[in-house]
Amino acid sequence: MTGLEILPADILTISSAGLLIATFGVVVRRGFADWLSAYRYQTIVLAGVTAVIAYYTGVWEIYVAAALTLVIKAVVIPRVLVRVTRKIKDEFKIEANPYVGLRLSVLISALLVALSYALTQQMLSSSSLDVVAMTCLPVSVSLFFIGLFVIVSRRMALNQVVGLLIIENGLFLFTTALTHGVSLVIEIGIFADILVGVVISAILLFRISQTFDTLDIGSLEKLRDD
Amino acid sequence: MTEMLTALADAAALPTVSSALLLSMLLAPVAGAVAVTVSRKKRAAEVATAASASLMLVLAVALIGAVISEKRISAFGELFYLDSFGAVVLLPIAGVGFISSLYSISYMGRQYEHDLIDDRRIIRYYQGFNIFLLTMLFVPVSNNMGTMWVAIEATTLVSVLLIMLYTKESAIEAAWKYLIIATVGLSFALFGTVFFYYANVTAGADPESAMNWTGMVANSKLLDPNIIKVAFVFVLVGLGTKAGLAPMHTWLPDAHSEAPTPVSALLSGVLLNCSIYGILRFHIITSGTLGAEFSSQLLMLLGVVSVGIAAASIYFQKDMKRMLAYSSVEHMGIVAVAVGFGGFFGIYGALLHIINHAIAKPLMFFASGSISHKYETKAMSEIRGIIKSMPVTGALFLIGGLAIVGMPPFNIFVSEFLILSSGFGSGQFLPSALVMAFLVVIFAGFMRHLVRMVFGSPKEPGKRLPAGMAKEDEGRLAVVPMVILAGLVVVLGFYVPQPLQELAGDVAQIFGQGSVAVSPVEGGASG
C-alpha cells in the first residue's frame, strides 16, 4: 500500500482535471449531440475516479458504484436521451441564443471553479481530510455550481436536462469523496431516481416539442398570476 | 423452558405485531397498483384503489395507536422507524389518501365522460395514484435520511407523471417547471444530508448506521457546528423548495393548480407536510448541535416571507385553484414560523396546524373541482351563485373557506390561535405581528373571492342561476368525501381528541430532546 500511495493520488488529480474539462465542454458547445458526448466523457472519467477511490479506500461497495455509474450513466442514460429525442426537430436541439453568451459563460464557470476551491478550503480546513477528499471535493462542488449555472443561463430545455445530469455527477463525486460511500442501498435508490427522472424528462421534452412547437423554455409562459 | 419461551414471545410480541403492521401498510398501495395494472378496467381500477387505500388507512390507524402506546416502532432492524412525529405526518397521508381515492371515482369519472381522459390514461392515473401514496408513506417511516431523500425525490417523479396525464399546454408547462425546480432543490437537500452524515461519521458514529436519524440525534451534541450550519442551510433550501416555502415556491401554484383535483388535494394537503417533516427532522438535529436559535430563526424568516408572498398573491388572484395553492404556501409558512417560535405550544400548534390544513385544504380542492366542472371554468370572475346552483357543495365550500382563513369556530382557528399566542408569549413580537397582519390581508382577499363566488348573482339579470344550469349537486361520491372532511373541520374546531393531544405532546418532547422520555432505554441526547 505504501508504495502505491502517490500513484492513485496523481491519477485522482489528473482525472479530476478531466472532469472539469468535460464540464467546460458542455458550457462552450451549442449542440445537443456535443453536450451528450461531453457528458458521456465526463461520466466515464467519473467512473474511473470512483474506481480509484475504491482502490484507495479498499471499500468494495465503491467498485459496485463505479460499475453502476459506467453502465447506467455513461451507457443507458445517453442512449435513452438519444432515442427519445430522435423525433425532436434538430433546430430545437441547438442553443442559438442563450441568456448568457458562451464566452461569458466560460468566464463565469472558471470563476465558479475558483469559488468552489475557496469554499471547500475554508469550510473543511478545520477537520482532517484525506487525499481523496482534498482532491475531489472542490471538483465536485464545481460540477454542482456549473450544472446550476447551465440550468439558469440556457433557454433550451434539453440543456437543462444536461445541467441536471452534471449536478448529479457532482453530487455523486461529492458523496463518494467525502464519505467513501454511503450504503449501497441508498446509492441504488439514487441511481433509480435519476434513471426514472431522465426518462420522465425525456417524455416531457417530447411532449413540449409537440405541443408548443419549440423547446425554448423562455416561451413557456402560459401560467401567470395576472 | 415453556415459561421462558412464553416470556420471550411476550417480550417480542408487540414489536413484531407493529412491524408487521408497518410492512403490510406499505404493501397496501403496492397491491392496489398491481390490481389496477392486472385488471385494466376503469371500474375495477376504481374499486381496487379505494379498497387498497381503505386498507392502508385501517393499518395506519392501528399503527398510530401502537405508536401512542409504545412511543416508537422499528422494523427491519433500524431501517424503518416510526415515532410520534412520524405518526402525525402519517395520519394525513393515509386519511387524505383514502378520501381522495373516493373522490377520484367521481372526479375522474366525470373527466372520462367528458372525454378529457381516455381508457389508457385512467388506468395510468390509478397506477400513479397508488404509487404516489406508497412513495409518501415511505417518508415518515424512514429512519435512514438517505432513504427519506430517495422517497421524497420519488414523490416528485410520480406526481410529475400524474400532472402530465393531461396533454394541455398549461399542464405540460407546469410539469416541466415542477420537475426541474424540485429536482434542483432536492439536489441541495442531498448535499445537506451527506454533510450531516459526514459530520456524524467524523464525530465517531458507526458508518453503517450514521445515516440514521436516531443515530444523528443521539450524537447531535458532538457534531461539528460549522459543518452543521452549512448542512442545515442546504437542507432548508432544498426541502424548502419542495415544501413550497417562499422564495422557492414558484413552481407550486402551477403544479398544484394543473394537477387532477384529487391529486391537487394530495399535493397540497399531504406532500407538503412530508417535506416540512424532513426539514424539521434536521431542525431537531441542528438544534441539538447549535442550540435552537440558528435553525429556528431561519425557519421563522422563510415562514414569514411565505405568508407575506401568499397574502399578496391571494389578494389579487383570479384563478380558483391557484388561490388555493397560494393558500398552501401560506399555511406551510405558518407551520415553519410556529416551529421557529418553538416551545411546547409552538410545536403543538404546528402539528395541529399540519393536520388541520390537511383536512381543510382537500375539502376546498374537492369543492373547487366540483364547482369548476359545473361552471366549466376556474376563473373566479365567472363563478357566481354556487349556493343556488349547488346548495350542498356551496355550503361545504363556504365552511372550508371560513376554516382556511382561520375563522372560529373551525379547526384552523384553534391552531393559528395557539401559534400566535405562543409567538407573542415567547417575545417574538415582530414575526408574530407580521404574520398577523398578513393573515388579515389574506382574510380580506380570500373572503372577497369566496363571498362573490358563493352568494354573488349571475351576470344575466333577473335569473337566479346562470343560463342552462340546473340546480343540482354532483353525485354522492363527490359529496360524501366533502361532508366527512367538513365534519372534521367543525369537530376539530371544538375539541382536539385525546389521542391527537397525546401524540402532539409527545412530539413536543421529541423536539425538546430527540426522543420521548417515557422510554429512556436508547435515550436521545438529553436536553
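Anything mentioned here points back to the structure above.
This write-up is about the structure you can find in this document. Computed from a prediction, not measured in an experiment: that's the story for all the values here. (Residues numbered from 1 in each chain as written. Chains lettered and ligands numbered in written order. Predicted model: local features only at pLDDT ≥ 70, side-chain atom pairs only at ≥ 80, totals over all residues.)

### Some details on the overall build of chain A
Across its full length, chain A holds 7 helices and 0 strands. Counting helices and strands in the order they occur from the N terminus, chain A gives α-α-α-α-α-α-α. A globule of 226 residues ought to have a C-alpha radius of gyration of about 17 Å, and chain A, at 18 Å, matches this closely. Its C-alpha atoms give chain A principal-axis dimensions of about 60 × 35 × 35 Å. Within the span of chain A, comprising 226 residues, buried residues form 46% of the whole. Look at the contacts in chain A between residues 6 or more apart in sequence, and 76% of them connect residues 24 or more apart. (Helix = DSSP H or I, 4+ residues; strand = E, 2+ residues; numbered from the N terminus. Rg over C-alpha atoms; globule rule 2.2 N^0.38 Å. Buried ≥ 20, exposed ≤ 12 C-beta atoms within 10 Å, placed from the backbone. Contact = placed C-beta atoms within 7 Å.)

### Some thoughts on helix H6 (residues 157-179) of chain A
All names here are of chain A. Across its 23 residues, H6 extends 33 Å between first and last C-alpha, which sits within 8% of the 33 Å expected from 1.5 Å per residue. The element H6 is extensively covered by neighbouring structure, given that 23 of its 23 residues are classed as buried. Directly after H6, the chain includes His180, whose backbone phi takes a positive value near 55°. (Expected span 1.5 Å × (residues − 1).)

### Remarks on helix H2 (residues 32-57) of chain A
Taking 1.5 Å of rise per residue, 26 residues should cover 38 Å, and H2(A) covers 37 Å from first to last C-alpha, within 8% of that figure. Of the residues flanking the end of H2(A), it is A:Gly58, one or two places downstream, whose phi is positive at about 70°.

### Examining the pairing of strand S2 (residues 80-83) of chain B
All names here are of chain B. The two faces of S2 match: Phe80 and Leu82 on one face and Tyr81 and Asp83 on the other face are all buried. Here 4 bridges tie strand S1 (residues 72-75) to S2, and the two strands are oriented antiparallel to one another. Counterpart to Ile73 in the pairing with S2 is Leu82. The antiparallel hairpin formed by S1 and S2 contains 4 residues in its connecting segment, where Phe76 sits at a positive phi of about 55°. (Pairing = 2+ DSSP bridges.)

### Comments concerning unusual backbone geometry
Residue and element names in this part refer to chain B. The amide bond that connects Ala246 to the next residue, Pro247, takes the cis arrangement and shows omega of 0°. On the secondary structure map, Pro247 appears in the loop between helix H8 (225-243) and helix H9 (252-258). Each neighbour pair has its own omega, and for Pro408 with Pro409 the value is 5°, a cis peptide bond. Notably, Arg40 is not glycine yet its phi reads approximately 60°, a positive angle. Structurally, Arg40 can be placed in the loop between helix H1 (2-39) and helix H2 (42-70). Judged by C-beta crowding, with 11 C-beta atoms within 10 Å, Arg40 ranks as exposed.

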